[in-house]
Amino acid sequence: MRPMLFLASLLLPFAAPAEAALAPGAKAPDFVAKGAIAGKPFTLHLRSQLRKGPVVLYFFPAAFTGGCNAEARAFAESVDAFRAAGATVIGMSADPQDRLEAFSTQHCAGKFAVASATPRVVRGYDVALGTPAKGRALTSRTSYVIAPDGRILYAHDDPSPLEHVQRTLAAVQAWHQRHSAGGRS
């Protein structure tokens, strides 16, 4: 295999899709949002979470829908692998907090936080999907890996929930490996 093709094949899994609003290297907007973990309400501050290590911030369209339920369960099943790589997982949608409280218990298995994305957060991360007939806003299915310095490491924008966990975990593990080897975020 030619060296350039080989390098491209190694980097392809970490490439940001063209549709992602925030590209790697961009500064992630800081925010404070109401959230829940294991059904208990709390206030989430992104900057505080980043002090612990990288954050996987994944936006999903709406709680209690087929794809979003499956994606939350997949993140819950992989949360130990994310933690082993030093990362915190946070799910976000435009759903109201009371709906997310129930979702955090039923589909997130109490293993990670979910928070209500305000219109400012939705605009900042460019994840507006539209407003369906019932008047409830939706966010696109977009996942970001954010470095502790607040910069986007990786972005994945795909309506299918199938690869979000796998791709963000690979990006976090690559960051962890570089960081553990003495590299900088």
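Bear in mind the structure is a predicted one, so any value in this text is a computation, not a measurement.

Despite not being glycine, A38 has its phi angle at roughly 55 degrees, a positive value. With respect to the helices, strands and loops of the structure, A38 is situated in the loop between β1 (32-37) and β2 (40-45).

Here the focus is the nonpolar core. General note: in soluble globular proteins, nonpolar side chains tend to be found buried as a group. Residues V56, F60, F75, F82, V89, F103 and F112 are the most contacted members of the largest nonpolar core, which totals 24 residues. Listing elements by their share of this core, those giving two or more residues are β3 (55-59), α3 (66-84), α4 (97-106) and α6 (164-180). If near-sequence neighbours (up to four positions away) are discounted, F82 is found in contact with V56, F75, A87, V89, V165, T168, L169 and V172. Core analysis: the second largest hydrophobic core is formed by 22 residues, F31, A33, L57 and F59 among them.

Okay, the sheet that holds β1 next. Across the sheet, seven strands lie side by side as β2-β1-β5-β4-β3-β8-β9; this open sheet has mixed pairing. Of all strands in the sheet, those with a lone pairing partner are β2 and β9 (152-157), marking the two edges. Neighbour to neighbour, the strand axes of the sheet diverge by 25 degrees on average, direction disregarded. In this sheet, β9 lies alongside strand β8 (residues 142-146) in antiparallel orientation, the contact comprising five bridges.

A two-sided burial pattern is seen for strand β5 (residues 113-116), the buried positions comprising A113 and A115 on one face and V114 and S116 on the other. Looking at chain direction, β1 and β5 are connected through two bridges and run antiparallel. What sits directly across from A36, in β5, is V114. Pairing analysis gives four bridges linking strand β4 (residues 88-93) to β5, with the strands arranged parallel. When the bridges of β5 are listed, G91 appears paired with V114.

This brings us to α4. Of the positions making up α4, those classed as buried are L100, F103 and S104. Buried positions in α4, seen along its axis, are confined to an arc of 100 degrees and lie on one side of it. Facing away from the buried side of α4 by over 90 degrees, the exposed positions are D98 and Q106. Against the buried residues of α4 lie β1, α3, β4 and β5.

Turning to the pattern of salt bridges, a few remarks are in order. Between side chains of opposite charge, pairing is possible as soon as their charged atoms come close. Across all of its chains, the model carries five salt bridges by this definition. Salt-bridge contacts for R141 lead to E71; the nearest nitrogen and oxygen are separated by 2.6 Å. On the criterion of sequence distance, the pair formed by R141 in the loop between β7 (138-139) and β8 and E71 in helix α3 is long-range, its members being 70 residues apart. Judged by its relative accessible area of 1%, E71 is buried. With its nearest N and O atoms 4.0 Å apart, the salt bridge here joins R83 to D80. Taken together, the residues R83 and D80, both in helix α3 and three residues apart, mark about one turn of the helix.

Let's shift gears to the environment of A94. For A94, the position within the fold is in the loop between β4 and α4. Expressed as a C-alpha distance, the spacing of A94 and L138, which sit 44 residues apart in the sequence, is 5.8 Å.

Turning next to the side chain of T168. Tracing the backbone shows T168 in helix α6. For T168, the residues in contact, after removing those within four places along its chain, are V56, F75, F82, S143, V145 and Y154.

Moving on, we get to the packing of aromatic side chains. For the structure on display, the rule yields eleven aromatic pairs. For the pair F31 and Y125, a centre-to-centre distance of 6.2 Å together with 85 degrees between the ring planes defines the contact as edge-to-face. A residue pair is termed long-range when its members are at least 10 positions apart, and F31 in the loop between α1 (3-11) and β1 and Y125 in the loop between α5 (119-124) and β6 (128-130) qualify at 94 residues. Aromatic side chains F59 and Y125 sit 5.4 Å apart centroid to centroid with 45 degrees between the ring planes, which places their arrangement in the tilted category. One end of the pair, F59, is in strand β3; the other, Y125, is in the loop between α5 and β6, and 66 residues separate them in sequence. Judged by relative accessible area, Y125 falls into the buried class, the value being 0%. These aromatic residues form a ring-pair network of at least three members: Y58, F60, F64, F75, F82, F103 and F112.

The rules behind the values
Residues numbered from 1 in each chain as written. Predicted model: local features only at pLDDT ≥ 70, side-chain atom pairs only at ≥ 80, totals over all residues. Heavy atoms only, no water. Helix = DSSP H or I, 4+ residues; strand = E, 2+ residues; numbered from the N terminus. Core = buried A, V, L, I, M, F, W, Y, C linked by side-chain atoms within 4.5 Å. Buried < 20%, exposed > 50% of the residue type's maximum accessible area, 1.4 Å probe, protein only. Contact = heavy atoms within 4.5 Å. Pairing = 2+ DSSP bridges. Axes fitted to C-alpha atoms, helices over the stretch in contact; angles between N-to-C directions. Arc of directions from axis to C-beta. Salt bridge = Lys/Arg side-chain N within 4 Å of Asp/Glu carboxyl O. Phe/Tyr/Trp six-rings, centres within 6.5 Å; stacked < 30°, edge-to-face > 60°.

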